[in-house]
Amino acid sequence: MTKRLEGKVAIVTGSGRGIGESIARILAGEGAAVLVNDVEKEVAEAAAEELKKLNVNVAVSAGIPEGDVTNELSCKGMVEKAKSELGGLHILINNAGTTKDKVIHKMDDQMWKLVLDVNLKGLFLMTKAVYPHFKKQRYGKIVNLSSMAGLGSNLGQANYATSKAAVISLTKSTAMELAPYNVCVNAIAPGIIDTRLTRAMPEEKWNQITAAIPMGIGAPENVARVVLSLCSEDFDYVTGQLIVVSGGLII
Ligand SMILES: NC(=O)c1ccc[n+]([C@@H]2O[C@H](COP(=O)([O-])OP(=O)(O)OC[C@H]3O[C@@H](n4cnc5c(N)ncnc54)[C@H](O)[C@@H]3O)[C@@H](O)[C@H]2O)c1
């Protein structure tokens, strides 16, 4: 059977672990060549080694500064590397993200800046870097990782929730600009997914939150499979949308 992404090349930011790693694996499983990106070099290289076992071409942009999505030159470098080492570029998954939680009066500028830089500026810079290429080839798929925190908020996450709400607006602006060029731009808002990011919360809070999810805690694959659908031709006429992947946390 033909694989759904045969001949396609994808960049997945923050794909050394967690949801990004799962997205990279699921896209590669459908035949896509993947550029693995992460600011942490070792996890990116380990993830890339695993992907190679799926018999797809793999490139790596990792570490500082090469793998840092907050650095404009690095973002441009990733696009050039995908084109030169993997033969093109068709899919961008803006997944890299971080948290630095504190209530507002205890949050210093560095905590605000880091989260806004990685979650929002990084996404803008990667989008800007692929934009002319997608426009020229009249094809592209961009999927941005927002969060349910971007629809409401969470206590102590003013920086994170602000960044994720802005990701929804940026997704819509990008979708409007690129729709005439056959480029689809959508966002996903996961609920609570079992990764390092969420395991950082205290156990009591974790138990309380996960007990409230009608379908139970989510796995990275639950998000990755929706990303795959958005990247497939089934979704060629869907753009500017937000898909909530929360196991019924919001109904
Ligand atoms: N886990 C959840 O429940 C959940 C819920 C909603 C949204 N999200 C979003 O999904 C995405 C992935 O989250 P996760 O849970 O897999 O997190 P994670 O912490 O497990 O993985 C994120 C990866 O991004 C990388 N990264 C951080 N800063 C970077 C930078 N400047 N450049 C390149 N890479 C960088 C990290 O090194 C890490 O490997 C994030 O955008 C997150 O906000 C996660």
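This write-up is about the structure you can find in this document. As a convention, each chain's residues are numbered from 1 in the sequence order in which they are written. The predicted origin of the model limits local features to residues at a pLDDT of at least 70 and limits the giving and counting of side-chain atom pairs to 80 or more, whereas totals for whole chains, interfaces and linings rest on all residues. Computation of side-chain values covers all heavy atoms of the structure but excludes hydrogens and water.

### Brief notes about helix 3 (residues 72-86)
Put simply, the rule reads: Helical segments are the DSSP runs of H or I of at least four residues, strand segments are the runs of E of at least two, and each set is numbered from the N terminus. Given the number of residues in a helix, its expected span is that number minus one, multiplied by 1.5 Å. Each residue is assigned to one of three classes by its accessible area relative to the maximum for its type, calculated with a 1.4 Å probe on protein chains only: buried under 20%, partly exposed between the two thresholds, exposed over 50%. Arc, as used here, means the arc of the directions from the helix axis to the C-beta atoms. Every residue pair with non-hydrogen atoms within 4.5 Å of one another is taken to be in contact.
For helix 3, built from 15 residues, the straight-helix expectation of 21 Å at 1.5 Å per residue is met to within 8% by its first-to-last C-alpha distance of 21 Å. Those residues of helix 3 that sit buried are S74, C75, M78, V79, K81, A82 and L86. Across the axial projection of helix 3, the buried residues extend over an arc of 160°, all falling on one side. In helix 3, those exposed residues whose orientation departs by more than 90 degrees from the buried face are L73 and S84. Among the structural elements, strand 1 (9-12), strand 2 (33-38), strand 3 (58-62) and helix 4 (109-137) are those in contact with the buried residues of helix 3.

### Regarding the site of the ligand
Rules: Note on terminology: near, applied to a residue and a molecule or strand, indicates that one of the residue's heavy atoms is within 4 Å of it. Definition of a polar contact: a pair of N or O atoms within 3.5 Å, with one able to donate and the other able to accept a hydrogen when the atoms are protein atoms, and with sequence-neighbouring residues admitted only if both atoms are side-chain atoms. Computed with a 1.4 Å probe, the accessible areas rest on the Shrake-Rupley method; for each residue, only the protein chains presented here act as cover.
Taken together, 28 residues form the shell around the ligand, and within it D38, N95, Y160, I193 and T195 come nearest. Contact between the ligand and N95: an oxygen atom at 2.8 Å from a main-chain N or O atom of the residue. Burial of the ligand by the protein chains amounts to 96% of its free accessible area of 820 Å². For the shell around the ligand, the secondary-structure elements that each account for two or more residues are helix 1 (18-29), strand 2, helix 5 (158-178) and helix 6 (196-199). Counting residues per element, the shell around the ligand draws most heavily on helix 6, at 3 residues.

### Digging into the environment of V143
With respect to the secondary-structure elements, V143 resides in strand 5 (residues 140-145). Note on V143: relative accessible area 1%, which makes it buried. Distance from V143 to S74, taken between C-alpha atoms, is 19 Å for residues 69 residues apart in sequence. Ignoring sequence-local partners within four residues, the contact set of V143 consists of L92, I93, N94, N186, I188, V227, L230 and C231.

### Observations regarding the side chain of T210
Relative to the elements of secondary structure, T210 occurs in helix 7 (residues 203-211). At a separation of 2.8 Å, a polar atom in the side chain of T210 contacts the main-chain carbonyl oxygen of W206.

### Quick look at unusual backbone geometry
The amide bond that connects I64 to the next residue, P65, takes the cis arrangement and shows omega of 5°. You can see P65 is positioned in the loop between strand 3 and helix 3. Located in the positive-phi region is R138, a residue other than glycine, with phi close to 55°. Within the secondary structure, R138 is located in the loop between helix 4 and strand 5. Classification of R138 by relative accessible area gives partly exposed; the value is 47%. Positive phi outside glycine occurs at N182, with the angle close to 65°. Along the chain, N182 turns up in the loop between helix 5 and strand 6 (183-190). On the basis of relative accessible area, N182 is assigned to the partly exposed category, the value being 41%.

### Looking at a nonpolar patch on the surface
Under the convention used in this document: The patches described consist of residues with a relative accessible area above 30% and no salt bridge, like charges being joined within 9 Å and nonpolar side chains (Val, Leu, Ile, Met, Phe, Trp, Tyr) within 5 Å. Here, a salt bridge means any Lys or Arg side-chain nitrogen found within 4 Å of an Asp or Glu carboxyl oxygen.
Taken together, the side chains of L151, V244 and I250 present a nonpolar region at the surface, about 240 Å² in accessible area. If you trace the backbone, L151 turns up in the loop between strand 5 and helix 5. Of the residues examined, L151 reaches a relative accessible area of 43% and is grouped as partly exposed.

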